[in-house]
Amino acid sequence: MMKLLRLLLSGCIAAVIAAPSFAESVPVNTLSATSAEKSDSKPATNDASASGTVSQTPTPAATPTPAGTAEAAAAAVKKPKFPPFADVLGDAQSLEGLFKIYRKDSKLYAELGPSNLNRDYLVVMAIARGIAEAPLIGGMSLDFGNDWVWQFRKVDDRIQIVRRNLRFRANKGTPTEKAVYFAYTDSILYSLPIVTQGPGGFVVDLTPVFMSDLPQIGSMLRGFSFSPDRSTWASVKAYRDNVELQVAATFSGGGSLGKSMETVADPRGVSINIHYSISRLPETGYQPRVADDRVGYFLTVIKDFSKPGSDDQFVRYVNRWDLRKAEPGSSMSPPANPIIFWIEKTVPYKYRAPIREGILEWNKAFEKAGFVNAIEVRQQPDDATWDPEDINYNTFRWITSNAGMAMGPSRVNPLTGEILDADIIFDADFIESWTRRFEITPPASKPTKSALIRFSEDGVERPLVDLGSLAHDRHSLLCDCARGMAEQMAFGSIALAADAKTLPKDKIDKLIHEGIRSVAMHEVGHTLGLRHNFKGSTFHTLADLSNPEKTRETGLSASIMDYVPLNISPKDQKQGDYFSTTIGPYDYWAIEYGYKPLSGGTDGEAAELKKIASRCAEPGLDYATDEDAEDGDSVQADAPDPLTNRFDLSKDPIQFAEQRIQVIKETLPKLVDSLVEPGEGYQTVRRGFEALMRDQASVVKYVARFIGGVYVHRDHKGDPNARQPLAFVEPARQRDAMSFLEKNVFAVDSYQFPPALFNFMTTTPWEHWGVTKEDRKDYPLQEKILAQQDAVLERLLEPVTLSRIADAEMKTAKDQDVFTTAELLGRLTSSIFQETEKLADGKFTNREPAVSPARRNLQQRYFQHLADLAMESSNPNGGSMGILIILGASRKPSLPVGQFTSASAAAELKTLRERIKKTLDGKAQLDGYTRAHFEELVARIDKVLDARLELSKP
């Protein structure tokens, strides 16, 4: 008997080994029906919110085996490799689609056949329901700019989920391809055991994959972790080409965050719906288009080790839609497959028209590229059951998160740059802030920060939500257009109200209509592949901006992809359009580069693209983007161009800033009368004042960028009228900028306000969740003035700025004029300490001091900056923190500056000491405040100069 069993066992094993592989022998089940249009696709679902039929998988009948026979012994030996399908999933619900899905209890299974293995799938993640705090806002894409491509690979008795590394390549069949293969690997995210073998493939349990913190939200929501026992499947849908999964994920925290999480009911259980869309990468014959640095597109970048004839091995494709003519031989043709945007059913009726207009405005550019009606707009029916996150739909979404933002991300094929899906989200808050009569929103937080704050164990206050964990490329994700537009509308509402007690309803409606349309155009531009262009706003002169006939043809800016401020004129000047009502010449040109059908094969297309891009020196076609503009309060070494700004306007931004300051001065005295109706509280006065001051801070900051600035152009050699790539800002223009700052920031009368105004600048009387209380009931005027002045000082005296000014002296021919470091410091000292030149005599009191409190603050801060610079090169450790602590300085030590700059700062301190001593020893009878202030400055200057000598000793 044992011998017989051994023979039977041997034969069984041989039969298994000799059997063909499952992938070669079992066909895959597919859906028989196809949809002619995205809107007609109906999913088979097993959730209560969606339509579809759920099938029950039949259980095959068992065949009895007679006991006590050789066949029985053989059956006992032939133990199946996997548990029988009927035992595992016999009573499961099933869905047919991209791959077959089974649901049983709380688990989700997938049946993967031959057509599913070793094939690329695009995996898109988004927040379906959030907590109204960036980046965890409903509609927000996750890991945008770093799209995931997965493969399912069978290894032994497991299915691996592999994230493909698609950044590196070489020509197939070459030795270099083998070298790339050995140098770079894919990432194995999961290795799932095969639980059974179904009718169409191997079955694996996907529950551990999606019932987890796959998008790493725990790294954004600090101090929280995924809670599997409290997370459920919110929706499971399957289509022919995609599977849509939504997890109601719960994250557990410590529960001690109190008011820091006002948007959730209880921080011990934060629920966030995460949507996963899994779809096939299309194989449609799409032809990638090579990018050019003169035209601004989002990029798909691959390093090609087989790229010939260049030290640059990167291949850069523009991100664009696969737009082809239905009639290829016609100069004008509709597209074979238009770009369809769906306005989500949650968008309020009154805003649907301007949104539709903003989307369709881009058809003008596509007509120039040879397409008729390239973009279509449809309205989502109220009874539609499809999800906006479904990759088959391009949506314009409406959210209510009080984030005051809008964004237009898209999903692309990471191999080709083909855009596959786009979803624009509008937050209702920025529009509602426009429609509230004159209620001005408080200062908006930076998009890189969250309002959620938590205290760590060491007692340090840290942001609870980290936006840095969200984006692979910060410039790809963040669009602050809508947030800034809300502030611009706030500014405009106050300025217009100063001229009229009430604004006519038709004018308010017009402002809101044009504002929404403008932001819609901007965000749609992103979904077409276009990046920001912060040079567009320098297209028109101030006179042009007051001429609606001109701006209605070109917009206020050469590009709607710029951040364009509200165009508002002082009372004595003609008023033009408030917002851009159309796209600009740059936008037409950029669409031509990306979408115009070109002939002549690869070589012919390359030549034609270079010809299009070579027009970059034409008026209106200048391009500079996020990394070319300063981001934050500090000067960026790689952002020297003063014409590349957010929310500046006109060919001469200095002139525009002068105009803006004039509007602010005209508006300030009328704040109380224009913002407060009888029966209302006065808190809007404070918010209105803050809005005006924020706008002033913005314009003076970009005027300061002209000092030590460098114009940057992207022209290539041989372009018509090609410009130098780098050119120092003209000395005369730098001096104009200094004159503006001396007049509006550093002069004695720069910040003059009606004293009675501050008696009405109270805070909100409410104190409850959702309300931000000010630290002081009264307004901290000196603190606010100094903050604005110090921001300009920091910009002017940053090491990068001073280094560029010093470099200009070396890089400029001796017979040419330059703006020097000595000139900068001398003018700052004369302006900030101008009282020392005027105090020859006179009698002053503490009530009427020779130097006002705000001026004393400014002078102390300027001294601290000079001391910091003077000490930099004298300190062998590269910093001056020790002496600055002794002197009571609050400014952190900056990067090291050159010996010459440090010496110039020390020389300026000596000059300043002489000025002050002369005043102290003069005939003027100084008040106690001013005398104490000047005597302290002399003592502190002496300490710095002495310390320089001590630190420089060997």
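For the structure, check the block above.
None of these values were measured; they are calculated from a predicted model.

**Student:** An account of the overall build of the chain is needed here, citing residue identities and associated values.
**Tutor:** Counting its secondary structure elements, the chain contains 27 helices and 28 strands. For the chain, the share of sequence-separated contacts (at least 6 apart) that also reach a separation of at least 24 residues comes to 74%. Roughly 42,300 Å² of accessible area belongs to the chain as shown, and the carbon and sulfur atoms make up 53% of that amount.

**Student:** Describe the pairing of strand 8 (residues 148-155), and please don't skip the residues or the numbers.
**Tutor:** The pairing of strand 6 (residues 121-129) with strand 8 spans three bridges and is antiparallel. The residue of strand 8 that forms the bridge with tyrosine 121 is tryptophan 150. One ladder, built from six bridges, connects strand 8 with strand 9 (residues 158-163); its direction is antiparallel. In the sheet register, lysine 154 faces strand 9, and the bridge partner there is isoleucine 159. Two successive antiparallel strands, strand 8 and strand 9, enclose a turn made up of two residues, where aspartate 156 displays a positive phi of approximately 55 degrees.

**Student:** Describe the sheet that holds strand 17 (residues 299-304), naming the residues involved and giving the relevant values.
**Tutor:** The strand order across the open sheet built from three strands is 10-17-18, with neighbouring strands paired in mixed fashion. Every interior strand has two partners, whereas the edge strands, strand 10 (168-169) and strand 18 (314-318), have only one. Sheet topology places strand 17 next to strand 18; five bridges connect them, and they run antiparallel. Directly across from threonine 300, in strand 18, lies its bridge partner tyrosine 317.

**Student:** Talk me through the packing of aromatic side chains; I want residue IDs and the actual numbers.
**Tutor:** Under the counting rule described, the total for this entry stands at 31 aromatic pairs. Where phenylalanine 99 meets tyrosine 121, the ring centres are 6.5 Å apart and the plane angle is 80 degrees; that geometry is what we call edge-to-face. Taken together, the residues span a long stretch of sequence, with phenylalanine 99 in the loop between strand 3 (93-95) and strand 4 (100-104) and tyrosine 121 in strand 6 at a distance of 22 residues. Accessibility expressed as a relative area gives 2% for phenylalanine 99, which makes it buried. With centroids separated by 5.0 Å and ring planes inclined at 70 degrees, the aromatic side chains of phenylalanine 366 and tyrosine 595 adopt a geometry described as edge-to-face. Residue phenylalanine 366 is found in helix 8 (residues 363-368), and its partner tyrosine 595 is found in helix 15 (residues 585-595); the two are separated by 229 residues along the sequence.

**Student:** Provide a residue-level description of the pattern of salt bridges, including the pertinent values.
**Tutor:** Scanning the entire structure with this criterion turns up 50 salt bridges. Between arginine 705 and glutamate 630 there is a salt bridge, with the nearest N and O atoms lying 3.5 Å from each other. Residue arginine 705 is located in the loop between helix 19 (683-704) and strand 27 (710-712), and its partner glutamate 630 is located in the loop between helix 16 (601-613) and helix 17 (653-667); the two are separated by 75 residues in the primary sequence. In this structure, arginine 705 and glutamate 630 share a single accessibility class: buried. Across the pair arginine 733 and aspartate 652 runs a salt bridge, and its minimum N-O distance is 3.8 Å. With arginine 733 in helix 20 (residues 731-744) and aspartate 652 in the loop between helix 16 and helix 17, this pair connects stretches of sequence that are 81 residues apart. With a relative accessible area of 24%, aspartate 652 lands in the partly exposed category.

**Student:** Run through helix 17, naming residues and quoting values.
**Tutor:** Within an α-helix, residues lying three or four positions from one another point in the same direction, as the helix has 3.6 residues per turn. For helix 17, with 15 residues, the first-to-last C-alpha span of 21 Å sits near the 21 Å given by 1.5 Å per residue. For helix 17, the set of buried residues is Pro653, Ile654, Phe656, Ala657, Gln659, Arg660, Ile661, Val663, Ile664 and Thr667. Backbone nitrogen of isoleucine 654 and a side-chain oxygen of the N-cap are separated by 3.1 Å at the start of helix 17; the cap is aspartate 652.

**Student:** Give a detailed account of the side chain of arginine 294, specifying residues and quantitative values.
**Tutor:** Examined against the element boundaries, arginine 294 turns out to sit in the loop between strand 16 (270-280) and strand 17. Of the polar contacts made by the side chain of arginine 294, one reaches the side chain of aspartate 292; its length is 2.8 Å. In terms of polar contacts, arginine 294 uses its side chain to reach the side chain of histidine 716, at 3.3 Å. Residues in contact with arginine 294, not counting those within four places in the same chain, are Trp589, Lys610, Ala613, Ser614, Cys616, Tyr623, Arg714, His716 and Asp719.

**Student:** I'd like a rundown of the environment of tyrosine 751, residues and numbers included.
**Tutor:** Structurally, tyrosine 751 is set in the loop between helix 20 and helix 21 (781-797). On the basis of relative accessible area, tyrosine 751 is assigned to the buried category, the value being 10%. In this structure the C-alpha to C-alpha distance between tyrosine 751 and leucine 781, which are 30 residues apart in sequence, comes to 9.9 Å. Residues contacting tyrosine 751, with those up to four places away along its chain left out, are Gln696, Asn744, Val745, Ile785, Gln788 and Gln789. A distance of 2.9 Å separates a polar atom in the side chain of tyrosine 751 from a polar atom in the side chain of glutamine 788.

**Student:** Let's hear about helix 24 (residues 853-872): which residues, and what values?
**Tutor:** Taking 1.5 Å per residue, 20 residues should reach 28 Å; helix 24 reaches 29 Å between its end C-alpha atoms and fits that length. Most of helix 24 is tucked away: 17 of the 20 residues are buried.

**Student:** Got a sec to walk through a nonpolar patch on the surface? Specific residues and values, please.
**Tutor:** On the surface, a cluster of nonpolar side chains totalling about 230 Å² of accessible area is made up of Leu299, Val301 and Phe314. The topology assignment puts valine 301 in strand 17. Valine 301 sits in the partly exposed class, given a relative accessible area of 36%.

**Student:** Outline the environment of glutamine 313, supporting the account with residue identities and numerical values.
**Tutor:** In this structure, glutamine 313 sits in the loop between strand 17 and strand 18. Looking at glutamine 313, the relative accessible area reads 23%, which means it is partly exposed. Along the sequence, glutamine 313 and lysine 303 sit ten residues apart, while their C-alpha atoms lie 5.6 Å from each other. When near neighbours in sequence (up to four residues on either side) are disregarded, glutamine 313 contacts Ile302, Lys303, Asp304, Phe305 and Lys307.

**Student:** Tell me what's going on with the environment of valine 264, and back it up with residues and numbers.
**Tutor:** Residue position: valine 264 is located in the loop between strand 15 (242-252) and strand 16. Relative accessible area serves as the criterion here: at 15%, valine 264 is assigned to the buried category. Non-local contacts of valine 264, meaning those with residues more than four positions away in its chain, are made with Ile131 and Val270.

**Student:** Tell me about the pairing of strand 21 (residues 394-399), and please be specific about residues and values.
**Tutor:** Within a regular strand, side chains alternate between the sheet's two faces. For strand 21, a buried count of six out of six residues is recorded, marking the element as mostly surrounded by other parts of the structure. Alternating positions in strand 21 separate into two faces, Asn394, Phe396 and Trp398 on one and Thr395, Arg397 and Ile399 on the other, with burial throughout. Both strand 19 (residues 339-343) and strand 21 contribute to a ladder of three bridges, which runs parallel. Bridged to phenylalanine 341 within strand 21 is asparagine 394. As defined by bridge partners, strand 21 adjoins strand 24 (residues 419-427) across five bridges and the pair is classed as parallel. Within strand 24, the residue paired with arginine 397 across the bridge is isoleucine 425.

Rules and cut-offs
- Residues numbered from 1 in each chain as written.
- Predicted model: local features only at pLDDT ≥ 70, side-chain atom pairs only at ≥ 80, totals over all residues.
- Heavy atoms only, no water.
- Helix = DSSP H or I, 4+ residues; strand = E, 2+ residues; numbered from the N terminus.
- Contact = heavy atoms within 4.5 Å.
- Areas by Shrake-Rupley, 256 points an atom, 1.4 Å probe, with all protein chains shown as cover.
- Pairing = 2+ DSSP bridges.
- Phe/Tyr/Trp six-rings, centres within 6.5 Å; stacked < 30°, edge-to-face > 60°.
- Buried < 20%, exposed > 50% of the residue type's maximum accessible area, 1.4 Å probe, protein only.
- Salt bridge = Lys/Arg side-chain N within 4 Å of Asp/Glu carboxyl O.
- Expected span 1.5 Å × (residues − 1).
- Polar contact = N/O pair within 3.5 Å; in protein donor to acceptor, adjacent residues only side chain to side chain.
- Patch = residues over 30% accessible without salt bridge, like charges linked within 9 Å, V, L, I, M, F, W, Y side chains within 5 Å.

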